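Examining the three-dimensional arrangement
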Amino acid sequence: MSLIEKILQGDHKATAKLISKIEDEPTSTLKEIKVLEERIVPVHTLGITGPPGVGKSTLIARLIEHYREKNKKVGVLAIDPSSPFTGGALLGDRIRMQMPSPDEGVFIRSMATRGQLGGLSRATNNAIKVLSGWGADIVIVETVGAGQAEVEVMRVADTIVLVLSPGLGDDIQMMKAGILEIGDIFVINKIDQGETGHLERNLELVRPGREKEGWVPAIIKTIAIKGSGIDELYKKIEKHRKYLKNKK
Ligand SMILES: Nc1nc2c(ncn2[C@@H]2O[C@H](COP(=O)(O)OP(=O)(O)OP(=O)(O)O)[C@@H](O)[C@H]2O)c(=O)[nH]1
Ligand SMILES: [Mg+2]
């Protein structure tokens, strides 16, 4: 059986193998990607980004539980454009650590930078196609930070979630030019750790006025370690998915 056939049957190993090839020798996979493209329906892709340590991986673990309860298959790509060597490998592990147990319906994979930025976005995009073939009902892409590199990678996502935490009130001014403008949902996580008023006010100020497009970016408050606010986040993500579908 060909690698593609195995992937289409939900084989984890074959899926991992093709994603590795996409990372290591992208040009050698062009043919396989093309075959895949003919066989798949593009999967909804959720991008989760934000400064280091705000709780992105913890949130993702909680979201995975939500989707699994509904019997949805979840693919996760943890991407670190800033550390080409070891960073990427660690990222996925942190999501895995938060998971209750190994699960056939979940595929978690880390990807690190090889070469330049455009290459990473392309590799991410192709890896999403592979996960689509594997049968994912949703693919979640995690990137650290909120700089230009993350903005580039996030453009592959259909729904973009920017995660922040209390105390980052003034720092978001620095992100203004980038991710704030493409964020569909803003999450303030770790609300158990401090006052959120300042951050909320700043978010309201810079929240892009996209009413004319029919979507007002939401602000959702969560405590990922306790699972609180996750249901609201899940519902908002699904609402955005439907919004995009109707827009087409
Ligand atoms: N108090 C509190 N701690 C949290 C919350 N969510 C996550 N944490 C903790 O914050 C730390 C960082 O969480 P991660 O989920 O690894 O954060 P991250 O944004 O993925 O981190 P990087 O990938 O390194 O950028 C961990 O120790 C979590 O247990 C929360 O809502 N409240
Ligand atoms: Mg993380």
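Here the structure is a predicted model, which is why all the values come from computation and not from measurement. (Residues numbered from 1 in each chain as written. Chains lettered and ligands numbered in written order. Predicted model: local features only at pLDDT ≥ 70, side-chain atom pairs only at ≥ 80, totals over all residues.)

Side note on the overall build of the protein
Rules: Strands are runs of DSSP state E lasting at least two residues, helices are runs of H or I lasting at least four, and both sets are numbered from the N terminus onward. Any residue surrounded by 20 or more other C-beta atoms within 10 Å of its C-beta is treated as buried, while 12 or fewer makes it exposed and the intermediate range makes it partly exposed; C-beta atoms here are placed from the backbone. A pair of residues counts as a contact when their C-beta atoms, built from backbone coordinates, are separated by no more than 7 Å.
Check the secondary structure of the protein and you find 11 helices and 7 strands. Each of the 248 residues in the protein was classed as buried or not, and the buried ones make up 46%. Put simply, of all contacts in the protein between residues at least 6 apart along the chain, 76% involve residues at least 24 apart.

Thoughts on the site of ligand 1
Here is the rule: Nearness here has a simple definition: the residue's C-beta atom, placed using the backbone, must lie within 6 Å of the molecule or strand. Under the grouping applied here, Gly and all other residues not named as nonpolar or charged are polar, the nonpolar ones being Ala, Val, Leu, Ile, Met, Phe, Trp, Tyr, Cys and Pro and the charged ones Asp, Glu, Lys and Arg.
Around ligand 1, the structure places 17 residues, and the nearest of them are Gly55, Lys56, Ser57, Thr58 and Ala224. Within the residue set of the shell around ligand 1, elements represented by two or more residues are helix H4 (56-69) and helix H5 (87-98). Across the shell around ligand 1, the residue classes tally to 7 nonpolar, 6 polar and 4 charged.

Some points on the environment of Leu8
Tracing the backbone shows Leu8 in helix H1 (residues 3-8). Overall, the presence of 20 C-beta atoms within 10 Å leaves Leu8 in the buried class. Once the C-alpha coordinates of Leu8 and Gly135 are considered, the two residues, 127 residues apart in sequence, prove to be 7.0 Å apart. Filtering out sequence-adjacent residues up to four positions away, Leu8 remains in contact with Arg39 and Gly133.

Side note on the confidence of the model for the protein
To keep it simple, the criterion reads: Per-residue confidence from the predictor is reported as pLDDT, which spans 0 to 100.
Per-residue confidence for the protein gives a mean pLDDT of 85; residues scoring 70 or more make up 83%. In the model of the protein, H5 stands out as the element of lowest mean pLDDT, 57, in contrast to H1, which has the highest, 96. Scored below 50 in pLDDT, residues 84-89 makes 14 contacts in the model with residues more than four places away or belonging to other chains.

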